[in-house]
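One-letter residues, chain by chain:
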Amino acid sequence: MPKLEVLSFNTITGLSKKTGAPYSMDIAQCVVHGDDGAKSVGEFMFPRDCKPALGFYQAAFGFRVNAGRIEASVLEVHKVSAQPITSQAPRVA
């Protein structure tokens, strides 16, 4: 199963333009380590009930319908380890 390595994260906060309610989003800069050794870099938005920390995670996905479109949705995120899988993880600029 692929692992998600969190290298850094940012919390974005603000007020909704529509409702005026405060919001907070945790967006992580990550490397996906595939089972075949392939690595990909990207951003991951953690679910509201999960507080991000540096380290390795695995996620359980499900499906949801949003405005008539079927989307993949993160159901659970589990921290696996704080140790790197390899000693040469790509750096995110």
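Placed above this text is the structure.
Basis of the calculations
Residues numbered from 1 in each chain as written. Predicted model: local features only at pLDDT ≥ 70, side-chain atom pairs only at ≥ 80, totals over all residues. Heavy atoms only, no water. Salt bridge = Lys/Arg side-chain N within 4 Å of Asp/Glu carboxyl O. Buried < 20%, exposed > 50% of the residue type's maximum accessible area, 1.4 Å probe, protein only. Pairing = 2+ DSSP bridges. Helix = DSSP H or I, 4+ residues; strand = E, 2+ residues; numbered from the N terminus.

*Asks:* Would you explain the pattern of salt bridges in this entry?
*Replies:* Oppositely charged side chains can form a pair if their charged atoms are brought close together. The full count for this structure, using the stated rule, is one salt bridge. Residues glutamate 71 and arginine 64 are paired through a salt bridge, measuring 3.1 Å at the closest nitrogen-oxygen approach. On the basis of relative accessible area, glutamate 71 is assigned to the partly exposed category, the value being 25%.

*Asks:* Would you take a moment to explain the pairing of strand S2 (residues 22-33) for this structure?
*Replies:* Both faces of the sheet carry side chains from a regular strand, because those side chains alternate between them. In this sheet, S2 lies alongside strand S1 (residues 3-15) in antiparallel orientation, the contact comprising 12 bridges. Bridging across to S2, isoleucine 12 finds its partner in methionine 25. The turn linking S1 back onto S2 is made up of six residues, and glycine 20 within it adopts a positive phi angle of 80°. Here seven bridges tie S2 to strand S3 (residues 39-45), and the two strands are oriented antiparallel to one another. What sits directly across from valine 32, in S3, is serine 40. From the end of S2 to the start of S3, which pair antiparallel, there are five residues, and glycine 37 there has a positive phi angle of about 90°.

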